[in-house]
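Here is what each chain is made of, one letter per residue.
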Amino acid sequence: MQPRRPEGFDGLGYRGSAWARGEEAPPPYQHSFPARSFSSSGDLSQHWVTTPPDIPGSRNLHWGEKTPQYGGDGNQAPPGLGEESSAASGGEQLNRFAGFGIGLASLFTENVLAHPCIVLRRQCQVNYHARNYHLSPFSIVNIMYSFTKSQGPRALWKGMGSTFIVQGITLGAEGIISEFTPLPRELTHKWSPKQIGEHILLKGLVYAIATPFYSASLIETVQSEIIRDNPGILDCLKEGVGRVMGLGVPHSKRLLPLLVLTFPTVLHGVLHYIVSSVVQKCVLFFIKKKKNPTQIPGEGANTAQSILEDYFPELIANFAASLCADVLLYPLETVMHRLHIQGTRTIIDNTDLGYEVLPINTQYEGMRDCINTIKREEGILGFYKGFGAVVVQYTLHATVLQITKFIYSSLLPNTAQSA
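Residues numbered from 1 in each chain as written. Predicted model: local features only at pLDDT ≥ 70, side-chain atom pairs only at ≥ 80, totals over all residues. Heavy atoms only, no water.

- If you look the protein up in an unreviewed UniProt entry, it shows as Solute carrier family 25 member 46 from Engystomops pustulosus.
- Under the heading Subcellular location (unreviewed entry), UniProt records this for the protein: "Mitochondrion outer membrane".
- Within the UniProt record for the protein, the comment given under Function (unreviewed entry) is "May play a role in mitochondrial dynamics by controlling mitochondrial membrane fission." (UniProt positions renumbered as here; feature names shortened; annotations may be inferred.)

### So, the packing of helix α4 (residues 160–180) against helix α5 (residues 193–222)
Next, step 1: Between α4 and α5, the shortest axis-to-axis distance is 9 Å and the interhelical angle comes to 165°. With respect to each other, α4 and α5 are oriented roughly antiparallel. Remark: the crossing between α4 and α5 carries right-handed chirality. Of α5, the residues touching α4 (which contributes S162, T163, V166, I169, T170, A173, E174, I177 and S178) are L202, K203, L205, V206, I209, A210, F213, Y214, S217, E220 and T221.
Next, step 2: For the contact of α4 with α5, the residue count by class is eleven nonpolar, six polar and three charged. (Axes fitted to C-alpha atoms, helices over the stretch in contact; angles between N-to-C directions. Helix = DSSP H or I, 4+ residues; strand = E, 2+ residues; numbered from the N terminus. Parallel < 35°, antiparallel > 145°, perpendicular 65-115°, else oblique. Left-handed = near helix turned anticlockwise from the far one by under 90°. Contact = heavy atoms within 4.5 Å. Nonpolar A, V, L, I, M, F, W, Y, C, P; charged D, E, K, R; others polar.)

### Brief notes about the packing of aromatic side chains
Next, step 1: For the structure shown, the criterion picks out five aromatic pairs.
Next, step 2: Aromatic pair Y330 and Y384: ring centres 6.1 Å apart, planes at 5°, arrangement stacked. Of the two residues, Y330 is situated in helix α9 (residues 330–341) and Y384 in the loop between α10 (367–377) and α11 (387–418); the sequence distance between them amounts to 54 residues.
Next, step 3: Accessibility expressed as a relative area gives 0% for Y330, which makes it buried.
Next, step 4: Classification of Y384 as partly exposed rests on a relative accessible area of 28%.
Next, step 5: Three or more aromatic residues link up through ring pairs in this structure, and these residues are Y330, Y384 and F387. (Phe/Tyr/Trp six-rings, centres within 6.5 Å; stacked < 30°, edge-to-face > 60°. Buried < 20%, exposed > 50% of the residue type's maximum accessible area, 1.4 Å probe, protein only.)

And the structure:
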């Protein structure tokens, strides 16, 4: 590394002089002795410094001198380095605290609190015997109470571990494919139709890879707790690999091959991603459009409000995107789940009574036959069996978001003032 001090530079620039070698006293300060200032002028009104040069907040000055002023009007100096770092550190800690807490609340709601609704929703979708379609959230709450009373609270959280495994497989497959192929994992602002097609292709390949593991996870979430043993953590992985290899537990002859299941699974996943992405972008656009860009956050409550405005629009957009996608694609999801569960010898709970069990003995030949059979035997509303669980799920989600926002609106002002 080259030294920053130029050759021939010694103090005020008089290398080799007699007073610099200590032989004589330094000469008095005169006009012939040029002052070293930021402007390199000889004006004595400017502050001059010795090496190293003065920086805002430093104290490399002679006795009685002050740090040069850098304010806009020349009358106010910037805060010291210690004050800047302390303020920045406090604001950064506050942002991290808010972001972590808000994200944790959303994650808990989507994956833990909403899981009983997912269990009831899937059981109602695959139960072609059911006379009660559970389109109302009140009937869903009633059947949840019946299941809890007869089988315990564990019946509402069955298969939750396998859903996390499927999410992990999806994320891992997406990362690996995007790493070894030119398919983009995310779209940039300067996107093109080709990039969109490649991105959608990547999503389709990921859903195709996750199809056998999704089938195993679906079986764990709908099978009755009355007749099954305690599943292991990795049973979803073993059954998914066994489904691909044709090994494992013997299934019925009505079991559909994976190639037949891949098309509805990929179709549902890609459409769900497209709808949710479009709705999310639209909601964020309208929220940012209504937001006043000239508003500058102050201290205390204004700072807390600014932090909430930074995090909650994203959560609201994700909430609206998931809700719209689930509602629009609910009939397709019903068909997909019935095709996945066929021939797996799965026994589900009776969603009409809240007790007893029922076998699944469907004989669909494919996606088109499943759609025609449901329409003929159960009517149009047969595609929406268990829709009340969606209402309960997103009502809980919205409630948790509002409670979290209220708590942070109350706590963040005090935290911001103490920081």
